[in-house]
Amino acid sequence: MALRDLWGKLTGKAPAPPEQSGVPMPPVEMPPPSPEPVQPPTPPETPPPAPEPIREPPPPEAPPPSFPPAEIPQPIEAPPAQPQGFFGRLKAGLARSTAKLTDAIGGVFTKRKLDDAALEELEETLIGADLGVSAAGRIVEGFRRTRFGREVTDEEVKSALAEEIAAILAPVAQPLVIARARAPHVVLVVGVNGTGKTTTIAKLAEQYRAEGLKVWMVAGDTFRAAAVEQLQIWGERTGAHVVAPAKPGADAAGLAFDALRDARAAGADVLLVDTAGRLHNKSALMEELRKVVRVLKRDDATIPHDTLLVLDATTGQNAVSQVRVFKEMVDVTGLVVTKLDGSAKGGVVVALAQEFGLPVHAVGVGEKAADMRPFEARDFARSLVGLDD
């Protein structure tokens, strides 16, 4: 079979007629084979997650280099404080009172004329510092007589003020004198609970013992077990004999009377008698104190030789009211003012002196026996206004 016929069968086409001429026919080109259908690429399978690498533990840290321990500096000990005189302790104790007074003065006087307006402001300042209306008026009148119309500074006012205050205090600055010939010299100590009455008795006992006196104390606040115990402790410390009630609530007058007889027999120089101080029932307290005095006078009409009223400076003008109350009960002969170191109302001492004229035997500026001393007018006045000795 000719090639043409075979091609025709394969392709389904009739073969072309053969060339009539003798020219050979060109070779028949074979069509390219049909391309195979292209399959879409298969998406790659998601590989499983790779396992986490095993972490090896970090190498141990190298220890820090070793150094010899540093030498710890020892604190430098301060030199021991020099013992402060009583004026220094008084001035330190009155610091709050001084600040209250001098700050106000500094706000009023820098350098100004001492006219009526300035004097009025000064008077208000003094009243606010607990010197009292009467004492403030007296001081301002002294300024009016001697310095009115002059220009003054705050320092000049302080100096003049100290002089005026000292003039008020000088007549009442009287120490308590113990007469050994009385043997015993009986001192009745009165005051409101909490004023430092029992502690004042103990301090007096210690001071008198230091002077070589034989001291007895009577725990006459029989209803307060704490007061009795406190006095017994002080008796052990000071070497003073203490007469205590056999039971709480014992008769204070009978206790004081027996103590007086025993102290005289023992040759005591001083008998300090503590008393109750419950002002919440004034009538009962008044009767109790009067009974103590009345019973003691059965032995000697001059007893008690002194009746001290102990006042707490922190109460301010309330101390003036307490003096009035106790003067109704007993014959108060003198005052002791305590706790000046914790008060901003130390000026009340001036008010007491002006109002009553009672001797101020001692003032207290601390807990130790040495912190209670006889009252000195000039020292107190200068300390109160912040001036040095």
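The coordinates are above.
Predicted model only: the values in this text are computed from it and were never measured.

Enquirer: Which parts of the structure should I look at to understand the overall build of the protein?
Expert: Looking only at helices and strands, the protein has 13 helices and 10 strands in total. Within the protein, the proportion of its 389 residues that are buried is 44%. Within the protein, counting contacts between residues at least 6 apart in sequence, those at least 24 apart form 78% of the total. Here the protein has roughly 22,100 Å² of accessible surface; of this, 56% comes from carbon and sulfur atoms.

Enquirer: I keep staring at helix H13 (residues 377-384) and nothing clicks. Help me out?
Expert: Residue pairs three or four apart in sequence face the same way in an α-helix, which turns once every 3.6 residues. Most of H13 sits out of view: six of its eight residues are buried. Residues of H13 that are buried include every one of Ala377, Phe380, Ala381, Arg382, Ser383 and Leu384, and no others. Positive backbone phi, approximately 85 degrees, marks Gly386, located one or two places after H13.

Enquirer: When you look at the packing of helix H11 (residues 318-329) against helix H12 (residues 348-356) in this model, what are you seeing that I'm missing?
Expert: A pair of packed helices is characterised by two quantities: the angle between their axes and the separation of those axes. One way to put it is that H11 packs onto H12 with a least axis distance of 10 Å and a crossing angle of 40 degrees. One way to sum up the angle between H11 and H12 is to call them oblique. For the pair H11 and H12, the sense of crossing is right-handed. From H11, Ala319, Val320, Val323, Arg324 and Lys327 reach across to H12, where they touch Val348, Leu352, Glu355 and Phe356. A per-class count over the contact of H11 with H12 returns six nonpolar, no polar and three charged.

Enquirer: Honestly, the side chain of Thr200 in this entry has me stumped. Any pointers?
Expert: Structurally, Thr200 can be placed in helix H7 (residues 197-210). A polar atom in the side chain of Thr200 sits 2.7 Å from the backbone oxygen of Gly196. Residues in contact with Thr200, not counting those within four places in the same chain, are Val310, Val336, Thr338 and Met372.

Enquirer: Before we go on, may I ask you to explain the pairing of strand S3 (residues 185-190) in this structure?
Expert: Among the six residues in S3, six count as buried, and that is most of the element. The alternating pattern of S3 places His185, Val187 and Val189 on one face and Val186, Leu188 and Val190 on the opposite face, and all of these are buried. Looking at chain direction, S3 and strand S6 (residues 270-273) are connected through four bridges and run parallel. Its bridge partner lying in S6, His185 is registered against Val270. The sheet contact formed by S3 and strand S7 (residues 306-312) spans four bridges and is parallel. Opposite Val190, over in S7, you have Leu309 as the bridge partner.

Cut-off values and rules
- Residues numbered from 1 in each chain as written.
- Predicted model: local features only at pLDDT ≥ 70, side-chain atom pairs only at ≥ 80, totals over all residues.
- Heavy atoms only, no water.
- Helix = DSSP H or I, 4+ residues; strand = E, 2+ residues; numbered from the N terminus.
- Buried < 20%, exposed > 50% of the residue type's maximum accessible area, 1.4 Å probe, protein only.
- Contact = heavy atoms within 4.5 Å.
- Areas by Shrake-Rupley, 256 points an atom, 1.4 Å probe, with all protein chains shown as cover.
- Axes fitted to C-alpha atoms, helices over the stretch in contact; angles between N-to-C directions.
- Parallel < 35°, antiparallel > 145°, perpendicular 65-115°, else oblique.
- Left-handed = near helix turned anticlockwise from the far one by under 90°.
- Nonpolar A, V, L, I, M, F, W, Y, C, P; charged D, E, K, R; others polar.
- Polar contact = N/O pair within 3.5 Å; in protein donor to acceptor, adjacent residues only side chain to side chain.
- Pairing = 2+ DSSP bridges.

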